[in-house]
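Chain by chain, the residues:
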Amino acid sequence: IYPSTPMRTLILEVEHGAEPPLSAWVSARCHLAGKGRVVCSEEVTIRCDTSVTERLGPLVNALQVPDVPAAAWWPDLDHDPTALCVHFIELVDRIVVDTSTVPGPRGLRQLRELTALRHATRSQFGDLSWHRIAPWRSLTARLFDAAVSTLSEIDRVTICAVGRGGQPAGSQALLYSGWLASRLGWKPTGTGWTTRDGGQVAFQADHARGSGANGDLLTVDLHTAGGDTYSLERGADDLLHARAPHLGDADRAFLRLRPFSSAEYLQRELGPLGDDPVMWQSVDASLL
């Protein structure tokens, strides 16, 4: 992840019926870091059977480098992280997940379940899906700079993401809608939100074919009671386009989208440590 920084990486593989029940091996990874420098890192792989996962905590503790920040990366939420995290959560500073790896709201539900561990330990949590929707959040905020009063008139939110028709809204669509709802003080009702003045906001999730991974946002439409629509759309030119009544008929491209890899998103997540309260507020306001 950090080509110029040596590190010790522990890879934990839990497999039902693994033989032997517990095994480990060490590898070295070296690469050029510029100006002729060679940077080498250690990679320790630990494989164990599901019956001996309680041994992982002491092993991780023994293999950690003293006084060096440690983070746990859980790449696939198809496997419930809670059962394994309890064995080493006290030993790491941060746990990172990617709620986009599972369809529908299941990833965000699992992230929410981890909050019980979050409140009981020093570990902090991050979600790569939160970083994936950052350009959409930024452009939405800029879109309403000149139309702040219109925000109170929104009565329907429609989001289209990459996928097949009929599947439930994924984590990116839910996080975006939860972010909007939390910023405007809306309270979730199950099928939408109730505004501060008692109004109702409906939510609709659609899916279509498009470039990108399953669940990546394609369009966002914010409809007002007065019949206006504020739209964001990911174009084929890697630009995030915005349309709004106050912008006129011209298509305005505000942001260029860069297709970061999961490793690059992870690098951003492992920057300055600290929980993002807005992310947790967005999770709470999303329609799980």
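Refer to the structure above for everything that follows.
Here the structure is a predicted model, which is why all the values come from computation and not from measurement. (Residues numbered from 1 in each chain as written. Predicted model: local features only at pLDDT ≥ 70, side-chain atom pairs only at ≥ 80, totals over all residues. Heavy atoms only, no water.)

**Q** What is the right way to look at the overall build of the chain in this model?
**A** Looking only at helices and strands, the chain features nine helices and 14 strands. In terms of overall dimensions, the chain has a C-alpha envelope of 65 × 45 × 35 Å along the principal axes. Per-residue burial for the chain yields a buried fraction of 44% across its 288 residues. In the chain, 69% of the contacts between residues at least 6 apart in sequence involve partners at least 24 apart. Accessible area of the chain: about 14,600 Å², with a carbon and sulfur share of 53%. The positive charge centre, built from 27 side chains, and the negative charge centre, built from 34, are 4 Å apart in the chain. (Helix = DSSP H or I, 4+ residues; strand = E, 2+ residues; numbered from the N terminus. Buried < 20%, exposed > 50% of the residue type's maximum accessible area, 1.4 Å probe, protein only. Contact = heavy atoms within 4.5 Å. Areas by Shrake-Rupley, 256 points an atom, 1.4 Å probe, with all protein chains shown as cover. Lys, Arg positive; Asp, Glu negative; His and termini not counted. Charge placed at Lys NZ, Arg CZ, Asp CG, Glu CD.)

**Q** Looking at this model, I keep getting lost on the sheet that holds strand 6 (residues 124-127). Mind explaining?
**A** Backbone hydrogen bonds hold the strands of a sheet together, and the pairing may be parallel or antiparallel. Taken in spatial order, the three strands of this open sheet run 4-5-6, and their pairing is parallel. Both outer strands of the open sheet, strand 4 (71-74) and strand 6, are each paired with one neighbouring strand and no more. This sheet shows a mean twist of 20° between the axes of neighbouring strands, independent of strand direction. Where strand 5 (residues 94-97) meets strand 6, four bridges bridge the pair, whose relative direction is parallel. (Pairing = 2+ DSSP bridges. Axes fitted to C-alpha atoms, helices over the stretch in contact; angles between N-to-C directions.)

**Q** Looking at this structure, how should I read the packing of helix 3 (residues 106-113) against helix 9 (residues 277-285)?
**A** Packed helices, taken two at a time, are described by the angle their axes make and the gap between the axes. Between helix 3 and helix 9, the shortest axis-to-axis distance is 11 Å and the interhelical angle comes to 120°. Here helix 9 runs oblique to helix 3, going by the angle between their axes. Once helix 3 is placed against helix 9, the crossing between them reads as left-handed. From helix 3, Leu108, Leu111 and Arg112 reach across to helix 9, where they touch Met279, Trp280, Val283 and Asp284. Per-class residue counts for the contact of helix 3 with helix 9 are five nonpolar, no polar and two charged. (Parallel < 35°, antiparallel > 145°, perpendicular 65-115°, else oblique. Left-handed = near helix turned anticlockwise from the far one by under 90°. Nonpolar A, V, L, I, M, F, W, Y, C, P; charged D, E, K, R; others polar.)

**Q** Would you mind going over helix 3 with me for this structure?
**A** Residues separated by three or four positions in an α-helix point in the same direction, a consequence of the helix having 3.6 residues per turn. Among the residues of helix 3, Gly107, Leu108, Gln110 and Leu111 are the ones counted as buried. Looking down the long axis of helix 3, one finds its buried residues gathered within 160° of arc, a one-sided arrangement. (Arc of directions from axis to C-beta.)

**Q** Any chance you could explain the state of the cysteines here in plain terms?
**A** Two cysteines joined by a covalent bond between their sulfur atoms form a disulfide. For the structure on display, the rule yields one disulfide. With a sulfur-sulfur separation of 2.1 Å, cysteine 30 is cross-linked through a disulfide to cysteine 40. Given an S-S torsion of about 115°, the disulfide between cysteine 30 and cysteine 40 has right-handed geometry. Remark: cysteine 40 occurs in strand 3 (residues 38-48) and cysteine 30 occurs in strand 2 (residues 22-32); sequence separation between them is ten residues. (Disulfide = S-S within 2.5 Å.)

**Q** Mind showing me how you'd approach the nonpolar core here?
**A** Where a protein is soluble and globular, its nonpolar side chains tend to be buried together. Counting 65 residues, the largest nonpolar core has Val157, Tyr176, Trp186 and Leu222 as its most contacted members. Here this core takes eight residues from helix 7 (residues 171-184), the largest share from any one element. Contact partners of tryptophan 186, with chain neighbours within four places excluded, come to Leu151, Ile154, Val157, Leu180, Ala181, Trp193, Thr194, Thr195 and Val201. (Core = buried A, V, L, I, M, F, W, Y, C linked by side-chain atoms within 4.5 Å.)

**Q** Even after reading the chapter, I still don't get the pattern of salt bridges, so can you show me in this structure?
**A** Close approach of charged atoms allows side chains with opposite charge to pair. Per the stated rule, a full pass over the model turns up seven salt bridges. With its nearest N and O atoms 2.6 Å apart, the salt bridge here joins glutamate 43 to arginine 29. On the criterion of sequence distance, the pair formed by glutamate 43 in strand 3 and arginine 29 in strand 2 is long-range, its members being 14 residues apart. (Salt bridge = Lys/Arg side-chain N within 4 Å of Asp/Glu carboxyl O.)

**Q** Which parts of the structure should I look at to understand empty space enclosed by the protein?
**A** In this approach, a probe sized like a water molecule rolls over the atoms, and the result shows the empty space that is left. Using the criterion set out here, one finds one cavity of 30 Å³ or more in the structure. By volume, the largest cavity amounts to about 70 Å³. Lining the largest cavity are Ser100, Val102, Pro103, Gly104, Val162, Gln167, Gly170, Ser171, Gln172, His207, Asn214 and Gly215. Here the lining of the largest cavity is built from residues that sort into three nonpolar, nine polar and no charged. (1 Å grid on protein atoms, 1.4 Å probe; cavity = no way out; pocket = protein on both sides within 12 Å on 5 of 7 lines; lining within 4 Å. Points joined across faces, edges and corners; volume = space filled by probe spheres on them.)

**Q** Explain the packing of aromatic side chains to me, please; I cannot follow it from the model alone.
**A** Aromatic rings considered in pairs are described by the distance between their centres and by the relative angle of their planes. On inspection of all chains with the given rule, the structure shows six aromatic pairs. Note on tyrosine 176 and tryptophan 179: the rings are 5.7 Å apart at their centroids and 50° apart in plane angle, and the pair reads as tilted. Taken as a pair, tyrosine 176 and tryptophan 179 lie in helix 7 at a separation of three residues, close to a single helical turn. Here tyrosine 176 and tryptophan 179 have matching classes, each one buried. Through pairs of rings, three or more aromatic residues link up here, namely Trp186, Trp193 and Phe203. Above the plane of the ring of tryptophan 130 lies arginine 137, whose end atom (NZ or CZ) is 3.8 Å from the centre. (Phe/Tyr/Trp six-rings, centres within 6.5 Å; stacked < 30°, edge-to-face > 60°. Lys NZ or Arg CZ within 6 Å of the ring centre and 35° of its normal.)

**Q** Even after reading the chapter, I still don't get the layout of surface pockets, so can you show me in this structure?
**A** Empty space within the largest pocket amounts to approximately 1,600 Å³. If you go around the largest pocket, you meet 46 residues; those closest to its centre are Thr9, Leu10, Ala71, Ala72 and Trp73. In terms of residue count, strand 1 (residues 8-14) provides more of the lining of the largest pocket than any other element does, seven residues in total. Among the residues forming the lining of the largest pocket, the class breakdown is 27 nonpolar, ten polar and nine charged. Here the second largest pocket defines a volume of roughly 620 Å³. Along the walls of the second largest pocket sit 29 residues, with Asp216, Arg234, Arg258, Pro259 and Tyr265 positioned nearest its centre. Looking at the lining of the second largest pocket, the elements that each hand over two or more residues are helix 5 (128-132), helix 6 (134-143), strand 11 (217-224), strand 14 (252-256) and helix 8 (262-269). Per element, the largest residue contribution to the lining of the second largest pocket is three residues, and it comes from helix 6. A per-class count over the lining of the second largest pocket returns twelve nonpolar, nine polar and eight charged.

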